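Chain by chain, the residues run as shown.
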Amino acid sequence: MADNLPSEFDVVVIGTGLPESIIAAACSRSGQRVLHVDSRQYYGGNWASFSFSGLLSWIKENQKMADPCEGNTRWEELILENEEGIPLNKADQTIQHVEDFCYASQDLAEDVEEAGALLKAPASVASASSEVIEEVSGTPEAEEKCFPLEDRPSGTKDEETFPDSAAGIEPECTADREAVEVTSLGEKPCDNVTPGQSVQEVENNEAASIVEAAAEPRKITYSQIVKEGRRFNIDLISKLLYSRGLLIDLLIKSNVSRYAEFKNVTRILAFREGRVEQVPCSRADVFNSKQLTMVEKRMLMKFLTFCLDYEQHPDEYQGHKDSKFSDYLKTQKLTPNLQHFILHSIAMVSEADCYTIDGLKATQKFLQCLGRYGNTPFLFPLYGQGEIPQCFCRMCAVFGGVYCLRHPVQCLVVDKETRRCKAVIDHFGQRISASYFVVEDSYFSEETCANVSYRQISRAVLITDRSILKASSDQQISILTVPPMEPGQPAVCLIELCSSTMTCMKNTYLVHLTCSSIKTAKEDLEPVVGQLFSESTETESEGAGEGQKPQILWSVYFNMRDSSGVDRTSYANLPPNIYVCSGPDNALGNDCAVKQAEAIFQEMFPSEEFCPPPPNPEDIIYDGDGTQLEDPGFGNPSEANPETLPEKSTEESERPSEE
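Residues numbered from 1 in each chain as written. Predicted model: local features only at pLDDT ≥ 70, side-chain atom pairs only at ≥ 80, totals over all residues. Heavy atoms only, no water.

Caption draft 1: View of the pattern of salt bridges. For the structure on display, the rule yields 21 salt bridges. One connected set of salt bridges, linked through shared partners, spans E83, D415, K422 and R431. (Salt bridge = Lys/Arg side-chain N within 4 Å of Asp/Glu carboxyl O.)

Okay, here's the thing in structure tokens:
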């Protein structure tokens, strides 16, 4: 039981966000004894994904004004004379201004329960004896415990059916099969055939119903959303993976990618003059585009070719190093249309704050990521961003890490003489010693963070009834950067997900909006929401014309703390063997979390490799009694040693399948 854990570990990690999970996996992989705990009842922290009912519970918890240190003074009696304690928060205080709104019909919604829903654990636990603690160790049974599936949709595939490719990227044909399974209309069981009715008649009736459903989309009610709530996997923070970014490289190198599946983002959109339009990315897209004239196509290809190796042509940009990137684009004889595409949809940088070198680097990164897995540079993990921290937690558990959710830590114990942290005291009063301690920022008290200056992120999540840009296929994953509508306002990043991403029910879209906070999330994002979506519950016209805005069925707004970039010295009196991990940042990718995790690991264990490739099963050594050590499940027996794979075979495995 978790109230009787081992009293000594090498590393204690508090919090299960992405950087903490990567560090835990790297430490466990290098042979360290790792204890990974979280006071929450779910993995991921602010990187988590929720079903619809799970998100509603999260909203209620964060709308309460709870005291983060309430009932957290028992540790003072356990501190010795030559020790002092650093108190830790029990409640999360990183979320503010949570507001949710329902625009869909709410008829009988209160009497509807989520299909297949499990009994929910209480949001807060009054006594330690009533808590249910999950303890996970490096055993086959532990792998199953490590990842609670209650927040996944019903009908989720078996955990062991992951692809065998080196990158773990699901072929498009496989993803499309899943998409059909999730989003097909008029799907009926065979036992619907009535006596005297032929199979041909049934098929004709089904075909007619499909055409009818396509012609007249069924109005979605709130009760339907609740009933299909397990089809949703809603991310607290919205991000994409650059196909040649640090996180994809780490997933491939460590083979953690075998625990996840991905889909390629299909469209990059632009918002200009009140219209949403698709941006051509690849060479083929540029020359097939009807939005650009032939002259514009040549101008765009010439500039993008220059950006790919701009370092080789310093004379082209040295004179503009101190200029804004937007001003530099004006000197390149690009039309306003092309300048807008490059600035907001390719480089995806701020018009007001980005300088020339930064803009060229961002454009180069975008172009280098094109074509690795599809026609855009981005990937999205099926079932949501919250899958990624859990993948690294599983790797840690496979190599012997111990996991405890709903396991608050009361304080860190510091030796007054050496000024090093020596132990933690958990909510059972147990003292657990370790050499190194990794703590997520939100666990520190206001006293410890008194001198820390935090930024804020404004977030909105919408459930809508149609896409913001109609296309021949309704299974589109889109990203859109909306430029500031007024001077001083931030640009807004919008990511629209379809049901084939396993993040929403069929006939709906899940829309994430993110920007740097100026005011509350609703004040920051409502102008953009009003431009692109309709809050009205009544249709604007008899027919659903192409110009009609998508209707919002349900929405939530909230502000999230951005602790990235905080200097370690800002925290008061932290011993040198306590390492702080930040929460999610405002960037589109995950590079900040990966860099932070690697830097902390290398500081703790400078002689160890960070998340090395998995061992070849042929190299596994037998123990003394002649039994073979358990294969951790990372290697593929049919492959050569991952460390000596030729570049060609790696590239072949990364090539997307033909559609």
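Caption draft 2: Examining the nonpolar core more closely. If you look at the biggest cluster of nonpolar residues, it comprises 122 residues, and the most contacted ones within it are F303, F325, F378, F392 and I479. Ranked by the residues each element gives to this core, the list is headed by helix 13 (residues 387–398), at 8 residues. When sequence neighbours within four positions are dropped, the list of residues in contact with F378 reads L240, L241, Y242, K263, N264, V265, I268, M348, F366, I479 and L588. Listed in part, the 27 residues of the second largest apolar core include L412, C421, A434 and V452. (Core = buried A, V, L, I, M, F, W, Y, C linked by side-chain atoms within 4.5 Å. Buried < 20%, exposed > 50% of the residue type's maximum accessible area, 1.4 Å probe, protein only. Helix = DSSP H or I, 4+ residues; strand = E, 2+ residues; numbered from the N terminus. Contact = heavy atoms within 4.5 Å.)

Caption draft 3: Local environment of the side chain of Q475. Among the secondary structure elements, Q475 is positioned in the loop between strand 18 (455–464) and strand 19 (478–482). From its side chain, Q475 meets the backbone nitrogen of S500 in a polar contact 2.9 Å long. (Polar contact = N/O pair within 3.5 Å; in protein donor to acceptor, adjacent residues only side chain to side chain.)

Caption draft 4: Region of interest: the layout of surface pockets. For the second largest pocket, the calculated volume is near 1400 Å³. Lining the second largest pocket are 40 residues, and of these M348, V349, S350, N586 and A587 sit closest to its centre. Put simply, the parts of the chain that give the lining of the second largest pocket at least two residues each are helix 12 (356–369), strand 18, strand 20 (492–497), strand 21 (509–516) and helix 15 (591–604). Grouping the constituent residues of the lining of the second largest pocket by class yields 19 nonpolar, 12 polar and 9 charged. (1 Å grid on protein atoms, 1.4 Å probe; cavity = no way out; pocket = protein on both sides within 12 Å on 5 of 7 lines; lining within 4 Å. Points joined across faces, edges and corners; volume = space filled by probe spheres on them. Nonpolar A, V, L, I, M, F, W, Y, C, P; charged D, E, K, R; others polar.)

Caption draft 5: Structural view of the packing of helix 9 (residues 294–308) against helix 11 (residues 336–346). In contact at an axis separation of 10 Å, helix 9 and helix 11 are set at 40 degrees when each is read in the N-to-C sense. Overall, the two elements helix 9 and helix 11 adopt an arrangement that is oblique. Our pair here, helix 9 against helix 11, has a crossing hand that is right-handed. Taking contact as the criterion, the partners of E296, M299, L300, F303 and L304 in helix 9 are, on helix 11, N337, L338, I342 and I346. Class assignment of the residues belonging to the contact of helix 9 with helix 11 gives a composition of 7 nonpolar, 1 polar and 1 charged. (Axes fitted to C-alpha atoms, helices over the stretch in contact; angles between N-to-C directions. Parallel < 35°, antiparallel > 145°, perpendicular 65-115°, else oblique. Left-handed = near helix turned anticlockwise from the far one by under 90°.)

Caption draft 6: Representation of helix 11 in the model. Within helix 11, 10 of the 11 residues are buried, which leaves the element mostly enclosed by the surrounding structure. Within the span of helix 11, buried status applies to N337, L338, Q339, H340, F341, I342, L343, H344, S345 and I346. Next to the buried residues of helix 11 lie strand 10 (267–272), strand 11 (275–278), helix 9, helix 10 (325–330), helix 12 and strand 19. Once helix 11 ends, the next one or two residues include M348, with phi positive near 55 degrees.

Caption draft 7: Structural detail: the sheet that holds strand 8 (residues 241–242). Strand order across the open sheet formed by 3 strands is 8-12-9, with antiparallel pairing between neighbours. For this open sheet the edge positions go to strand 8 and strand 9 (262–264), each flanked by a neighbour on one side alone. Direction of pairing for strand 9 relative to strand 12 (residues 378–381): antiparallel, over a ladder of 3 bridges. When the bridges of strand 12 are listed, K263 appears paired with F380. (Pairing = 2+ DSSP bridges.)

Caption draft 8: Quick look at the sheet that holds strand 16 (residues 431–433). Strand order in the open sheet formed by 4 strands is 4-14-15-16, with antiparallel pairing between adjacent strands. At either margin of the open sheet sits one strand with a lone partner, and together these are strand 4 (83–87) and strand 16. In this sheet, adjacent strand axes meet at a mean angle of 30 degrees when their direction is disregarded. Pairing between strand 4 and strand 14 (residues 409–415): 5 bridges, direction antiparallel. Looking at the pairing, P87 lines up with C411 of strand 14.

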